Each structure stands twice: as structure tokens, then as C-alpha cells.
Amino acid sequence: DVEGDKAYNISTFATKVGVPRIAKGATICLLLNYAHAILTGVLSKAGTFKPFPMIGGHAALAIMLLARFRELEPEKLASIKKYYKHIWDLFYLEYLLYALI
């Protein structure tokens, strides 16, 4: 709640940097993790992972993340909450994907 922090003069990372930059930075970090997982699938020895879920699954999750990021309106609290929920959805989908790898 950045607005509440600002109203009560509470200095937080979000009030200093801003929601748009934090959302962008977090998305980049998550995308780098997906890129690493994809490259791990591509570069690992045959038989280490099942290629379709390892490469295709992580690519699909990365695309979902980008699609949700494009929908994000950082100035609207409802949009921020929706984006945050989608990040948790990706987290749980990763567990499902793990069972398939």
C-alpha cells in the first residue's frame, strides 16, 4: 500500500523507487529465471529432463508473465493486486510443471 505509506510519511522501497519500476524489475527477474530454465532444458544432456515440459512449459509461463505485465496498470491498486495474484498463479503452475519434468 504505497499510498498509505506516502500518506503517513513511511519510507519504503516502493515509495522511493515507485511501483512501475519495481514491477518492471520483478518481471525482468522472473523472466531471467524462465530463460535460465529454458536454457537448462536445451543445454542439458539428453534424458536429464523431459524437453517438452522443461522448455515448452517454461516458455509458456514466460509468455503468460509478459502478457500479464502488459495488462498491468501500476497506478491502479486493483491492477497491481491482479498482477500480484498472477505471479502467485505462475508459482503454483511451476509446481505442476515440476511434476512433469
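Heads up: the structure comes first, above all this text.
Residues numbered from 1 in each chain as written. Predicted model: local features only at pLDDT ≥ 70, side-chain atom pairs only at ≥ 80, totals over all residues. Heavy atoms only, no water.

Enquirer: Kindly report on the layout of surface pockets, identifying the contributing residues and their values.
Expert: Put simply, the largest pocket is a space of about 610 Å³. Along the walls of the largest pocket sit 23 residues, with Val2, Ala14, Val19, Pro74 and Ile80 positioned nearest its centre. When contributions to the lining of the largest pocket are tallied by element, the ones reaching two or more residues are helix H1 (2-7), helix H2 (13-17), helix H3 (19-43) and helix H5 (77-100). Looking at the lining of the largest pocket, the element that brings in the most residues is H5, giving six residues. Within the lining of the largest pocket, the residues separate by chemical class into 14 nonpolar, two polar and seven charged. Of the voids in this model, the second largest pocket is the one considered here, and its volume is about 160 Å³. Contributing to the lining of the second largest pocket are Leu30, Asn33, Tyr34, Ala37, His58, Ile87, Leu90, Phe91 and Glu94. Elements supplying a minimum of two residues to the lining of the second largest pocket: H3 and H5. For the lining of the second largest pocket, the residue count by class is six nonpolar, two polar and one charged. (1 Å grid on protein atoms, 1.4 Å probe; cavity = no way out; pocket = protein on both sides within 12 Å on 5 of 7 lines; lining within 4 Å. Points joined across faces, edges and corners; volume = space filled by probe spheres on them. Helix = DSSP H or I, 4+ residues; strand = E, 2+ residues; numbered from the N terminus. Nonpolar A, V, L, I, M, F, W, Y, C, P; charged D, E, K, R; others polar.)

Enquirer: Got a sec to walk through H5? Specific residues and values, please.
Expert: Under the 1.5 Å per step criterion, the end-to-end length of H5 is 35 Å for 24 residues, consistent within 8% with the ideal 34 Å. Here H5 has its buried residues at Ser79, Tyr83, His86, Leu90 and Leu97. Of the surrounding secondary structure, the elements contacted by the buried residues of H5 are H3 and helix H4 (51-71). (Expected span 1.5 Å × (residues − 1). Buried < 20%, exposed > 50% of the residue type's maximum accessible area, 1.4 Å probe, protein only. Contact = heavy atoms within 4.5 Å.)

Enquirer: Explain the packing of aromatic side chains residue by residue, including any values.
Expert: This structure, assessed with the given rule, holds six aromatic pairs. Taken together, a centroid distance of 5.2 Å and an interplanar angle of 90° make the contact between Phe91 and Tyr95 edge-to-face. One end of the pair is Phe91 and the other is Tyr95, both in helix H5 and four residues apart, which spans about a single turn. In textbook terms, an aromatic cluster arises when at least three aromatic residues are bridged by ring pairs, as seen for Tyr84, Trp88, Phe91, Tyr92 and Tyr95. (Phe/Tyr/Trp six-rings, centres within 6.5 Å; stacked < 30°, edge-to-face > 60°.)

Enquirer: If you had to explain the nonpolar core to someone new, which residues and values would you point to?
Expert: Membership of the largest hydrophobic core is limited to nine residues, which are Ala23, Tyr34, Leu61, Ala62, Leu65, Leu72, Tyr83, Leu90 and Leu97. For this core, the secondary-structure elements that each account for two or more residues are H3, H4 and H5. The contact partners of Leu65, leaving out residues within four places of it in the chain, are Thr27, Leu30, Leu31, Tyr34, Tyr83 and Leu90. (Core = buried A, V, L, I, M, F, W, Y, C linked by side-chain atoms within 4.5 Å.)

Enquirer: Run through the pattern of salt bridges, naming residues and quoting values.
Expert: Under the criterion given, the structure shown has three salt bridges. Between Arg68 and Glu71 there is a salt bridge, with its nearest N and O atoms 3.5 Å apart. With Arg68 and Glu71 both in helix H4 and three residues apart, the pair spans about one turn of that helix. For Arg68, a relative accessible area of 30% corresponds to the partly exposed category. (Salt bridge = Lys/Arg side-chain N within 4 Å of Asp/Glu carboxyl O.)

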